[in-house]
Amino acid sequence: MEESLTDYLRHSLPVQNNWVSELEQQAAIDHVPIMEPVSMHFMMLQVKLKQPQRILEIGTAIGYSALRMLEAHPDTTIVTIERDEQRYQQAVTNIKHAEKQEQINLMYGDAKDIMNELITDKEKFDLIFIDAAKGQYKYFFELAHQLLTKNGLIISDNVLFRGYVANPDTTPKKYKKMVEKLIAYNEFLTTHPDFITTIVPIGDGVAISLKR
Ligand code: SAH
Ligand code: MG
């Protein structure tokens, strides 16, 4: 994304609460890839529009996006999954500190296993946010499809991955495989017969997929 445009959009954001800045600082210090402020704000608007009763999040990290989705729609409940123990523990602490343990159900483990359990239990969600290992997005999406209510929304973060998805020739070697997978994922999304998808070039790229 062009830097000046990102800065411009960043400056257009409303002033945020202290706890938000504190979590953003914590993430920066620990190199945790939380959602960028501009796309987070966009995501919060989607949550406000959708008014989901239940949200499922794949990739909690330290609880930043879960707390912000709840901020956008305080009546919702969120199930969020994280497989990294240290981040999971940080999320537990942050969510307790915010006194949101009642609304945010943190689950420790691999999202693939936990999503399969949720499918067995016939759980349903109105909005599913995919923000975990990018090489597995297609599989996460297929599981998410089975967990989605009618007219449900699936949002995927980082689908343009630093712009490399649109310029694969410029991708550094270490990201080539992941970028190839994201290109295939975006094509899978945009041609999926059961969803209408638009990819928005905000933050690191956000795909919004609405079930037909
Ligand atoms: N949604 C968070 C950021 C998530 S970063 C926010 O914006 O605040 C991605 C996280 O997904 C990492 O913490 C990583 O450990 C986790 N993750 C990756 N693959 C996963 C998997 N298969 N199951 C559960 N968590 C996973
Ligand atoms: Mg992300």
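Not measured: the values here are computed from a predicted model.

Caption draft 1: Spatial organisation of the coordination of the magnesium ion (ligand 2). All of the protein donors around the magnesium ion (ligand 2) are Asp131 (OD), Asp157 (OD) and Asn158 (OD1); their distances to the metal are 2.1 to 2.2 Å. For the magnesium ion (ligand 2), all donor residues lie on one chain, and their spacing in sequence is D-x25-D-N. Residue Asp131 is located in the loop between β4 (125–130) and α7 (137–147), and its partner Asp157 is located in strand β5 (residues 148–157); the two are separated by 26 residues in the primary sequence. The exposure class assigned to Asp131 is buried, which follows from its relative accessible area of 14%. For Asp157, a relative accessible area of 3% translates into the label buried.

Caption draft 2: Representation of the pattern of salt bridges within the structure. Enumeration according to the criterion identifies 5 salt bridges in this entry. Here Arg54 ties to Glu123 by a salt bridge, and the two come within 2.8 Å at their closest N and O atoms. In this pair, Arg54 is assigned in strand β1 (residues 54–58) and Glu123 in the loop between α6 (111–120) and β4, connecting sequence segments 69 residues apart. Across the pair Glu142 and Lys138 runs a salt bridge, and its minimum N-O distance is 3.8 Å. Of this pair, Glu142 and Lys138 are both found in helix α7, 4 residues apart, which corresponds to roughly one turn of the helix. The exposure class of Glu142 is partly exposed, given its relative accessible area of 34%. When salt bridges that share partners are traced, they join Arg83, Asp110 and Lys112 into one network.

What counts and how
- Residues numbered from 1 in each chain as written.
- Chains lettered and ligands numbered in written order.
- Predicted model: local features only at pLDDT ≥ 70, side-chain atom pairs only at ≥ 80, totals over all residues.
- Heavy atoms only, no water.
- Donors = N, O, S within 2.8 Å, 3.2 Å for Na, K, Ca; no water.
- Helix = DSSP H or I, 4+ residues; strand = E, 2+ residues; numbered from the N terminus.
- Buried < 20%, exposed > 50% of the residue type's maximum accessible area, 1.4 Å probe, protein only.
- Salt bridge = Lys/Arg side-chain N within 4 Å of Asp/Glu carboxyl O.

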